[in-house]
Amino acid sequence: MEEKAFTSIFYADDDVDDLDFFKEVTTEINQAVSLFEEGEKLLQQLHNPPPQASVIFLDLNMPIKSGFEVLQEIKATPAIGNIPVVILTTSSNPSDIELCKNLGVDLYIRKPTSVQDLKKAINYVLSIDWNTYHTSNKEFVYHRY
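The shown structure was predicted, so the numbers you read here are calculated from the model rather than taken from an experiment.

**Some points on the pattern of salt bridges**
Point 1. Applying the stated rule across the entire model yields seven salt bridges.
Point 2. Across the pair Asp106 and Lys75 runs a salt bridge whose closest N-O atoms are separated by 3.7 Å. You can see Asp106 sitting in the loop between helix 4 (94–103) and strand 5 (107–110) and its partner Lys75 sitting in helix 3 (residues 67–76), a full 31 residues away along the chain.
Point 3. With a relative accessible area of 27%, Lys75 lands in the partly exposed category.
Point 4. Shared partners join several salt bridges into a network, and the residues in it are Asp13, Asp18, Asp59 and Lys111.

**Digging into helix 5 (residues 115–127)**
Point 1. The first and last C-alpha atoms of helix 5 sit 18 Å apart over 13 residues, in line with the 18 Å expected at 1.5 Å per residue.
Point 2. All buried positions along helix 5 are accounted for by Leu118, Lys119, Ala121, Ile122, Tyr124, Val125 and Leu126.

**Focus on the packing of helix 1 (residues 16–28) against helix 5**
Point 1. Look at helix 1 against helix 5: their axes get within 10 Å of each other, and the N-to-C directions meet at 65°. Crossing of helix 1 against helix 5: the hand is right-handed. On helix 5, the residues that touch Phe21, Phe22, Glu24, Val25, Thr26 and Glu28 of helix 1 are Val115, Leu118, Lys119 and Ile122.
Point 2. Each residue belonging to the contact of helix 1 with helix 5 can be placed in one class, and the counts come to six nonpolar, one polar and three charged.

**Notes on the packing of aromatic side chains**
Point 1. Here the structure, examined in full by the defined rule, presents six aromatic pairs.
Point 2. Between the aromatic rings of Tyr124 and Tyr142, the centroid separation amounts to 5.3 Å while the plane-to-plane angle is 45°, which identifies the pairing as tilted. With Tyr124 in helix 5 and Tyr142 in the segment after helix 6 (137–140), this residue pair connects regions lying 18 residues apart in the sequence.
Point 3. Owing to a relative accessible area of 15%, Tyr124 belongs among the buried residues under this scheme.
Point 4. Between the aromatic rings of Trp130 and Tyr133, the centroid separation amounts to 5.0 Å while the plane-to-plane angle is 65°, which identifies the pairing as edge-to-face. Comparing Trp130 with Tyr133, the two get one shared label, buried.
Point 5. In this structure an aromatic cluster arises from ring pairing among Tyr11, Phe22 and Phe57.

**What about a negative patch on the surface?**
Point 1. Taken together, Asp14, Asp15, Asp17, Asp20, Glu24 and Glu37 make up a surface patch of like negative charges.
Point 2. Mapped onto the elements, Asp17 comes out in helix 1.

**Considerations on the side chain of Ser34**
Point 1. As for its position among the elements, Ser34 is in strand 2 (residues 32–36).
Point 2. Assessed through its relative accessible area of 18%, Ser34 is described here as buried.

**Describing the packing of helix 3 against helix 4**
Point 1. One can describe the packing of helix 3 onto helix 4 by two numbers: an axis separation of 10 Å at closest approach and a directional angle of 15°. As far as their axial angle goes, helix 4 and helix 3 are roughly parallel. Two packed elements cross with a definite hand, and for helix 3 against helix 4 that hand is right-handed. For the pair formed by helix 3 and helix 4, the contact residues are Phe68, Leu71, Gln72 and Lys75 on the first element and Asp96, Leu99, Cys100 and Leu103 on the second.
Point 2. Among the residues making up the contact of helix 3 with helix 4, the classes are represented as five nonpolar, one polar and two charged.

Definitions and cut-offs
- Residues numbered from 1 in each chain as written.
- Predicted model: local features only at pLDDT ≥ 70, side-chain atom pairs only at ≥ 80, totals over all residues.
- Heavy atoms only, no water.
- Salt bridge = Lys/Arg side-chain N within 4 Å of Asp/Glu carboxyl O.
- Helix = DSSP H or I, 4+ residues; strand = E, 2+ residues; numbered from the N terminus.
- Buried < 20%, exposed > 50% of the residue type's maximum accessible area, 1.4 Å probe, protein only.
- Expected span 1.5 Å × (residues − 1).
- Axes fitted to C-alpha atoms, helices over the stretch in contact; angles between N-to-C directions.
- Left-handed = near helix turned anticlockwise from the far one by under 90°.
- Contact = heavy atoms within 4.5 Å.
- Nonpolar A, V, L, I, M, F, W, Y, C, P; charged D, E, K, R; others polar.
- Phe/Tyr/Trp six-rings, centres within 6.5 Å; stacked < 30°, edge-to-face > 60°.
- Patch = residues over 30% accessible without salt bridge, like charges linked within 9 Å, V, L, I, M, F, W, Y side chains within 5 Å.
- Areas by Shrake-Rupley, 256 points an atom, 1.4 Å probe, with all protein chains shown as cover.
- Lys, Arg positive; Asp, Glu negative; His and termini not counted.
- Charge placed at Lys NZ, Arg CZ, Asp CG, Glu CD.
- Parallel < 35°, antiparallel > 145°, perpendicular 65-115°, else oblique.

What follows is the structure, encoded as structure tokens:
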């Protein structure tokens, strides 16, 4: 049986309830997660590993530094720019989705409201082979719940 590679998930969101919800689900599926209440703290950790993220989940609507600003800095930094970034947000605004795509986001997920749907979304992200995955218009926005 093939063993799943170790994954370290980073998640930045200013909403403590959303961070707790995410932690609950990642604990259930036995995944390591580092949580950040603001984008600047996420960036500091990314620039000073260990741990190093295998995948980054990022909220868009954060004070101080928005998810868009954090994303731009990640993608502009060669040492971390290749880490997959998944937007996890309440926004379904087409202009937000298009901007994320243009900035190099790998996948866009609307925040689920149930534990089961969040678990399904995280498991989907963890099942992707990011070395061969290429975002298409059809697959860019996650629609599996």
